[in-house]
Number of protein chains: 2
Amino acid sequence: MASQIPNKNSSRPLSETFDDPLKTLSLESVRDNLVRIEDSIVFALIERSRFPLNSQAYDTSYLGNHKGHGGRSIAEFFVRETEVFEAKLGRYQNPEEVPFFADDLAFPIVPPYNYPQVLYPAAASVNVSKDIWDMYFKDLLPLFTSESDDGNYVSAAAADLVCLQALSRRIHYGRYVAEVKFRDAPQDYTPAIRAKDRDTLMKLLTFETVEEMVKRRVEKKAKVFGQDVTLDDKNNNTDPEGEPKYKVNPSVVAHLYSKWVMPLTKVVEVEYLLRRLD
Amino acid sequence: MASQIPNKNSSRPLSETFDDPLKTLSLESVRDNLVRIEDSIVFALIERSRFPLNSQAYDTSYLGNHKGHGGRSIAEFFVRETEVFEAKLGRYQNPEEVPFFADDLAFPIVPPYNYPQVLYPAAASVNVSKDIWDMYFKDLLPLFTSESDDGNYVSAAAADLVCLQALSRRIHYGRYVAEVKFRDAPQDYTPAIRAKDRDTLMKLLTFETVEEMVKRRVEKKAKVFGQDVTLDDKNNNTDPEGEPKYKVNPSVVAHLYSKWVMPLTKVVEVEYLLRRLD
């Protein structure tokens, strides 16, 4: 009997173990994952904020005519180089991971790993990496860094990559959200999918009270994780009015979610669903 | 007059601006930096704890006979590859940054940047990277990851690198601690330096009450940053006794500091001072 198969994680119902990949996904596990990625995003922003903007890291002329970087900025060169050897080591065999520059990637040298395959193959390739990239560098970064320069361009670029990867993981997780929602109620989505009706799909996927709650929660996380923790609970890091100062402005994190993260996640969900019956 | 030179950061006393590198260092700025790195270390450990141990990432036979990795594990290959192009982009021009594998590093292709040079040249090269590496992989990692495998070897290795770099920055910052202490009171250290008396130097650098305070503060940071933040302040993440659960056990972080971080920092301080009069 299936229920007698030893289950490594015994507190988990058997239906959620990995013996049947189609059963690994539940709305609850998807939500838990999204909540956990919020922490990663807030940590990453706080770590990037250790450095000022360092605009030289984004200047495509800064590296001059040296060979091998193709007229790219330090930040772009950094991300591309990292993705090349991460691909070689197998990072993108996991369908949860989406690279920013898929064109350059080498074939993995590692043995294949049996990741759960739960995405619908025709829809799995939905990708908004370009939008995430542009949003991060053009819109977000200047909002939470000071406009100065401390020369730590590589450390700043490394911190950018951590931010970008966390944002990409969150936003492209919309594929999993869409898959689990579709499986739960295919009849709700099928007419709009067949009609290629993006607006209706967007409405079906929008829950304003939930979005408001997420926005308030990430704002709170920015306060909790971005405070100066002292043993005596006395906050010495205050502005002239005595209000606490945080390493990243909590309203910027709320704005990031309401203006970009949640809308882009829903774009991913809509595009995924549009291919879900192909 | 020097005091009339416009000062970009006007809240900072002129003696701490960068026009005279010998004046950029104060005991207070060094302490602030050490406190800030605690946050980075705790964030990094929490992020690594998203993955189980994933021992394949540390197995030197896992990559088989493929060319280019030199019989190294995924984790070592990952750190070496990253350091090679970080060096090329100038990361290690900043004397605060210390690579793990200095032997392989390429010459930077970037223009030189005028980082503050405050370390005594004959002592700046003090390096305990090998001890940090061994401590991290052999002792620390098994203490805060579960002994299983989810296939995310590259993501785990990337998270290891963030931990290693934060630990290295903290521990090698001992060079700055030693420099500022020596400048404050050279007469206190000179006899022991001339006598090459490590034990006396270690005693001069040890303040048990401060160390106890640091240990309790990092433990508290692990609780604050590793909690599940919810809007209603209700903690759903508790053990069977109703005690809150944290993403990384706070006592492991306290242990990390008391057993390895603070002792290794003091080793760096002692070794630095021993070369301070060369």
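Residues numbered from 1 in each chain as written. Chains lettered and ligands numbered in written order. Predicted model: local features only at pLDDT ≥ 70, side-chain atom pairs only at ≥ 80, totals over all residues. Heavy atoms only, no water.

As recorded in an unreviewed UniProt entry, chain A goes by Chorismate mutase and comes from Dioscorea zingiberensis. Turning to chain A, the UniProt record has this under Subcellular location (unreviewed entry): "Cytoplasm". (UniProt positions renumbered as here; feature names shortened; annotations may be inferred.)

### Here's the deal with the pattern of salt bridges
Residues and elements named next belong to chain A. Summed over all chains, the structure comprises 38 salt bridges over all chains. The salt bridge partner of Lys130 is Asp134, with a shortest N-O separation of 2.7 Å. Here Lys130 and its partner Asp134 are both found in helix 3 (residues 129–144), 4 residues apart, which amounts to about one turn of the helix. Residue classification places Lys130 among the exposed positions, given a relative accessible area of 58%. Relative accessible area serves as the criterion here: at 21%, Asp134 is assigned to the partly exposed category. (Salt bridge = Lys/Arg side-chain N within 4 Å of Asp/Glu carboxyl O. Helix = DSSP H or I, 4+ residues; strand = E, 2+ residues; numbered from the N terminus. Buried < 20%, exposed > 50% of the residue type's maximum accessible area, 1.4 Å probe, protein only.)

### Describing the relation of the copies chain B and chain A
Put simply, the two copies of the chain differ by a rotation about an axis and a shift along that axis. Mapping chain B onto chain A calls for a rotation angle of 180° and an axial translation of 0.0 Å; the resulting RMSD is 0.0 Å. Each copy turns onto its partner about a two-fold axis. Taking the C-alpha atom as reference, chain B places Phe225 of chain B closest to the rotation axis, 2.7 Å from it. (Least-squares fit on C-alpha atoms with pLDDT ≥ 70 in both.)

### Considerations on the packing of aromatic side chains
Summed over all chains, the structure comprises 24 aromatic pairs over all chains. Each ring, one from Tyr62 of chain B and one from Tyr153 of chain B, has its centre 5.4 Å from the other, and the planes form 85°; the classification is edge-to-face. With a gap of 91 residues between them, Tyr62 of chain B in the loop between helix 1 (27–48) and helix 2 (74–88) and Tyr153 of chain B in helix 4 (residues 153–172) connect regions that are remote in the sequence. Each of the two residues, Tyr62 of chain B as well as Tyr153 of chain B, counts as buried. Taken together through their ring pairs, the aromatic side chains of Tyr58, Phe100, Phe101, Trp133, Tyr136 and Phe137 of chain A make up a single cluster. One cation-aromatic arrangement involves Arg80 of chain A over Phe101 of chain A; the distance from NZ or CZ to the ring centre is 3.9 Å. (Phe/Tyr/Trp six-rings, centres within 6.5 Å; stacked < 30°, edge-to-face > 60°. Lys NZ or Arg CZ within 6 Å of the ring centre and 35° of its normal.)

### Considering the side chain of Arg169 of chain B
The topology assignment puts Arg169 of chain B in helix 4. Summary of buried charges: Arg169 of chain B has no salt-bridge partner, and the nearest side chain of opposite charge, Glu47 of chain A, is 4.8 Å away. Beyond its immediate stretch of four places on either side in the chain, Arg169 of chain B contacts Arg50 of chain A together with Ile37, Ser40, Glu96 and Glu97 of chain B. (Lys, Arg positive; Asp, Glu negative; His and termini not counted. Contact = heavy atoms within 4.5 Å.)

### Quick notes on the packing of helix 2 (residues 74–88) of chain A against helix 2 of chain B
For the pair helix 2 of chain A and helix 2 of chain B, the least separation of the axes is 11 Å and the interaxial angle reads 160°. In terms of orientation, helix 2 of chain A lies roughly antiparallel with respect to helix 2 of chain B. Seen along the crossing, helix 2 of chain A lies across helix 2 of chain B with a hand that is right-handed. Of helix 2 of chain B, the residues touching helix 2 of chain A (which contributes Phe77, Phe78, Glu81, Thr82, Phe85, Glu86 and Lys88 of chain A) are Phe77, Phe78, Glu81, Thr82, Phe85, Glu86 and Lys88 of chain B. Within the contact of helix 2 of chain A with helix 2 of chain B, the residues separate by chemical class into 6 nonpolar, 2 polar and 6 charged. (Axes fitted to C-alpha atoms, helices over the stretch in contact; angles between N-to-C directions. Parallel < 35°, antiparallel > 145°, perpendicular 65-115°, else oblique. Left-handed = near helix turned anticlockwise from the far one by under 90°. Nonpolar A, V, L, I, M, F, W, Y, C, P; charged D, E, K, R; others polar.)

### A closer look at the interface of chain B and chain A
Taken together, the contact pairs 54 residues of chain B with 54 residues of chain A. Put simply, chain B and chain A have 4 salt bridges between them. Here Arg36 of chain A makes a salt bridge to Glu47 of chain B, at a shortest N to O gap of 2.8 Å. If you look at where chain B meets chain A, you find 20 residue pairs in polar contact (both at pLDDT 80 or more). Mapped by element, the contributors of at least two residues to the side of chain B that touches chain A are helix 1, helix 2, helix 4 and helix 8 (208–225) of chain B. Ranked by the residues each element gives to the side of chain B that touches chain A, the list is headed by helix 2 of chain B, at 8 residues. (Polar contact = N/O pair within 3.5 Å; in protein donor to acceptor, adjacent residues only side chain to side chain.)

### Description of the state of the cysteines
According to the stated counting rule, one finds 0 disulfides over all chains in the structure shown. Looking at the unpaired Cys163 of chain A, the closest cysteine sulfur is the one in Cys163 of chain B, lying at 16 Å. Cys163 of chain B gets classed as buried once you look at its relative accessible area, which sits at 2%. (Disulfide = S-S within 2.5 Å.)

### A few points about the packing of helix 2 of chain B against helix 4 of chain B
Residue and element names in this part refer to chain B. Their axes nearest at 9 Å, the elements helix 2 and helix 4 cross at an angle of 60°. With respect to their mutual orientation, helix 2 and helix 4 come out oblique. Judged by the sense of rotation from one axis to the other, the crossing of helix 2 with helix 4 is right-handed. Contact with helix 2, carried on its side by Ile74, Ala75, Phe78, Val79, Thr82 and Glu86, involves Tyr153, Val154, Ala157, Ala158, Leu161, Leu164 and Gln165 of helix 4 and no other residues of that element. Looking at the contact of helix 2 with helix 4 residue by residue, the classes come out as 10 nonpolar, 2 polar and 1 charged.

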